[in-house]
Amino acid sequence: MKRLVLLALILAAAGAALYFAQHRRAEDAVNPNAVVDVAADWQRDISRVPMRLTRLSNADEVRIGDELVRRYGYAEPYENAKLASLENYVNQVGSRVARHAQRKIEFHFHFVPDPNLINAFALPGGHVFVGWGLLKEMHSEDELAFVLGHEIEHVDHYHAVERVQVEAQLHKLNLDVLADLAGIPLSLWQAGYTKDEEFEADREGLLLAAAAGYSPQGAVDLLKTFVRLDGEYVSHSQTPVDALSRVAIESLTGYFRSHPMSSERLARTEKLIAQARLPANQPTIPMPADFAFLR
C-alpha cells in the first residue's frame with residue numbers, strides 16, 4: 001500500500017513538472033542542450049520527491065555530517081599555526097554569512113590545505129570546506145564570503161542531505177549505522193549539483209553575503225576569475241604554467257564540468273545585482289596580508 005501511495009505521488013509530481021515546464025517562459029534558446037537540461041530537471045524533481053517525503057531530521061543530518069568529517073580526517077584542529085589561523089579566518093567569515101541562513105543549524109567552516117584543490121564543497125549538517133587552490137585565486141574577503149554563502153545554500157536548501165539520501169538508496173546504506181557511511185567517498189561532495197541547484201546556490205549565496213555586509217562585487221570578481229581560468233586552462237587546453245600545476249588544472253576541469261558555464265553564472269549574477277538593487281559600487285575588503293603565503 002505504501003509503495004502504491006509513493007508511486008502515485010511520484011506520478012503526480014511528474015505530471016505537475018510536465019505541466020509547469022510546458023507553461024513556463026523558457027530563458028534558454030531552443031536547442032538540443034536546452035531539451036536535455038529540461039529533461040534532467042524533470043528527472044531531478046521526480047527523484048527528489050521521495051527524499052522530501054522522508055527528509056532526515058536536523059539532528060540526524062548533523063550526526064551524519066559530523067561522522068563524515070571525522071572519517072575524512074578533518075575533525076581535529078591544525079597543529080600548524082599558519083593553517084590554524086587561516087581556518088579560523090575562514091570560520092569567522094563563514095559564521096558572519098551563516099547568521100543569515102534560513103535553517104538554524106550550527107555551521108562549521110574548514111580549510112583544506114591542498115594547493116591543487118580549486119573548489120569548495122559542503123557536507124550535510126552544516127560543514128563547509130574551501131580548498132587552498134581556490135583561496136589562492138581570491139583577492140578579497142567578499143569573494144570568500146560569496147563562495148561560503150554558495151556552499152551554505154547547498155545545506156540551507158537541503159541539496160547536500162538529499163544527495164546522501166540518494167547515495168544511501170542507490171547503495172543500500174543504512175544511515176542509522178555510522179559504519180555504513182564509510183562507503184561514501186569525499187569526491188561525491190566535490191562534484192557539482194544540478195544546474196538549477198547551482199544557480200539557486202549562486203543567487204541565494206550572493207544575497208546571504210550581501211545581507212552580511214559584503215560587496216556583491218566579490219561574486220562578480222570571482223566569477224570573472226572562473227571565466228578566465230576556463231578560457232586559459234580548460235576550454236583551450238593551454239600548456240600549464242607555473243601558476244597552475246597539471247593536477248590543479250585537472251581539478252579545475254572537473255569543477256567546470258560539474259557546474260554551469262561560468263559566463264552564464266556571471267551574467268545571471270550581474271542581472272540579480274541590478275534587479276535586487278544591491279550596492280554594486282561597495283568597496284571590497286582585501287584578504288589579510290598575513291596570508292600572503294597562500295600565493
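What you are looking at is a predicted structure, and each value in this text was computed from that prediction instead of being measured.

Scoring rules and cut-offs
Residues numbered from 1 in each chain as written. Predicted model: local features only at pLDDT ≥ 70, side-chain atom pairs only at ≥ 80, totals over all residues. Heavy atoms only, no water. pLDDT = per-residue confidence, 0-100. Helix = DSSP H or I, 4+ residues; strand = E, 2+ residues; numbered from the N terminus. Contact = heavy atoms within 4.5 Å. Pairing = 2+ DSSP bridges. Axes fitted to C-alpha atoms, helices over the stretch in contact; angles between N-to-C directions. Core = buried A, V, L, I, M, F, W, Y, C linked by side-chain atoms within 4.5 Å. Buried < 20%, exposed > 50% of the residue type's maximum accessible area, 1.4 Å probe, protein only. Salt bridge = Lys/Arg side-chain N within 4 Å of Asp/Glu carboxyl O. Expected span 1.5 Å × (residues − 1). Phe/Tyr/Trp six-rings, centres within 6.5 Å; stacked < 30°, edge-to-face > 60°.

K.L.:
Any chance you could break down the confidence of the model for the protein chain for me, citing the residues and the numbers?
P.N.:
Fine structural detail should not be taken from predicted coordinates in areas where pLDDT scores are low. Taken over all residues, the pLDDT of the protein chain has a mean of 83, while the share at 70 or more is 79%. Across the protein chain, the element-wise mean pLDDT spans from 44 in helix 2 (residues 32-53) up to 98 in helix 6 (residues 141-156). Residue range residues 1-7 is modelled with pLDDT below 50. Its contacts to residues more than four positions away, or to other chains, number two contacts. Predicted confidence is poor over residues 17-47, with pLDDT under 50, and the contacts of this stretch with residues over four places away or in other chains come to 18 contacts.

K.L.:
How would you summarise the sheet that holds strand 3 (residues 127-131) if you had to cite specific residues and measurements?
P.N.:
Taken together, three strands build an open sheet; the order of strands is 1-3-2 and the sheet is mixed. The two strands at the open ends of the sheet, each matched to only one other strand, are strand 1 (108-112) and strand 2 (120-123). In this sheet, neighbouring strand axes are inclined to one another by 20 degrees on average, regardless of whether the strands run parallel or antiparallel. In terms of strand pairing, strand 1 meets strand 3 through five bridges, oriented parallel. Within strand 3, the position partnered with His110 by the bridge is Phe129.

K.L.:
Describe the nonpolar core, with residues and values.
P.N.:
Counting 54 residues, the largest nonpolar core has Phe107, Leu134, Leu135 and Ile152 as its most contacted members. Here this core gets eight residues from one element, more than from any other, and that element is helix 10 (residues 217-235). With 21 residues, the next largest nonpolar core counts Leu117, Leu181, Leu188 and Tyr193 among its residues.

K.L.:
Just give me the short version of the pattern of salt bridges, but keep the residues and values in it.
P.N.:
In total, this model carries eleven salt bridges according to the counting rule given. Between Arg55 and Glu162 there is a salt bridge, with the nearest N and O atoms lying 2.6 Å from each other. Separated by 107 residues along the polypeptide, Arg55 in the loop between helix 2 and helix 3 (58-72) and Glu162 in helix 7 (residues 159-170) bring together distant segments of the chain. What makes Arg55 partly exposed here is its relative accessible area of 31%. With a relative accessible area of 4%, Glu162 lands in the buried category. Between Glu204 and Arg203 there is a salt bridge, and its shortest N-O distance comes to 3.2 Å. By relative accessible area, which is 36% here, Arg203 ends up partly exposed. Linked by salt bridges that have partners in common, Glu67, Arg70 and Arg71 make up one network.

K.L.:
If you had to explain unusual backbone geometry to someone new, which residues and values would you point to?
P.N.:
Even without being glycine, Lys172 reaches a positive phi, approximately 55 degrees. Inspection of the secondary structure assignment puts Lys172 in the loop between helix 7 and helix 8 (187-190). Here Arg277, not a glycine, exhibits a phi torsion of approximately 55 degrees, which is positive. Counting through the fold element by element, Arg277 comes out in the segment after helix 12 (262-275).

K.L.:
How would you explain the pairing of strand 3 if you had to name every residue and give the values?
P.N.:
Among the five residues in strand 3, five count as buried, and that is most of the element. With four bridges joining them, strand 2 and strand 3 adopt antiparallel strand pairing. Note on strand 3: the bridge partner recorded for Ala120 is Val130. Connecting the antiparallel pair strand 2 and strand 3 is a turn made up of three residues, with Gly125 showing a positive phi of about 90 degrees.

K.L.:
So, helix 9 (residues 195-211): which residues are in play, and what are the values?
P.N.:
In this model, helix 9 (17 residues) spans 24 Å end to end at C-alpha, consistent with the 24 Å of a helix rising 1.5 Å per residue. If you check which residues of helix 9 are buried, you get Glu197, Glu198, Phe199, Ala201, Asp202, Glu204, Gly205, Leu206, Leu208 and Ala209. Looking one or two places after helix 9, you find Gly213, whose phi comes out positive at around 100 degrees.

K.L.:
Talk me through the packing of aromatic side chains; I want residue IDs and the actual numbers.
P.N.:
Aromatic ring pairs: the centre-centre distance and the angle between the two ring planes describe each pair. Tallied over the entire structure, the rule returns seven aromatic pairs. The interplanar angle of 10 degrees and the centroid separation of 4.8 Å between the aromatic rings of Phe121 and Phe129 together place this pair among those described as stacked. For the pair Phe121 and Phe129, one class covers both residues: buried. Considering the side-chain rings of Phe226 and Phe256, the 6.0 Å spacing of their centres and the 85 degrees angle between planes classify their relative orientation as edge-to-face. In this pair, Phe226 sits in helix 10 while Phe256 sits in helix 11 (residues 246-257), placing the two residues 30 residues apart along the sequence. Given a relative accessible area of 11%, Phe256 falls into the buried group.

K.L.:
Lay out the environment of Ala101 in plain terms, naming residues and giving numbers.
P.N.:
Here Ala101 is to be found in the loop between helix 4 (81-98) and strand 1. As for Ala101 and Val155, which are separated by 54 residues in sequence, their C-alpha atoms are 9.5 Å apart. The contact partners of Ala101, leaving out residues within four places of it in the chain, are Phe107, Ile152, Asp156 and Leu208.

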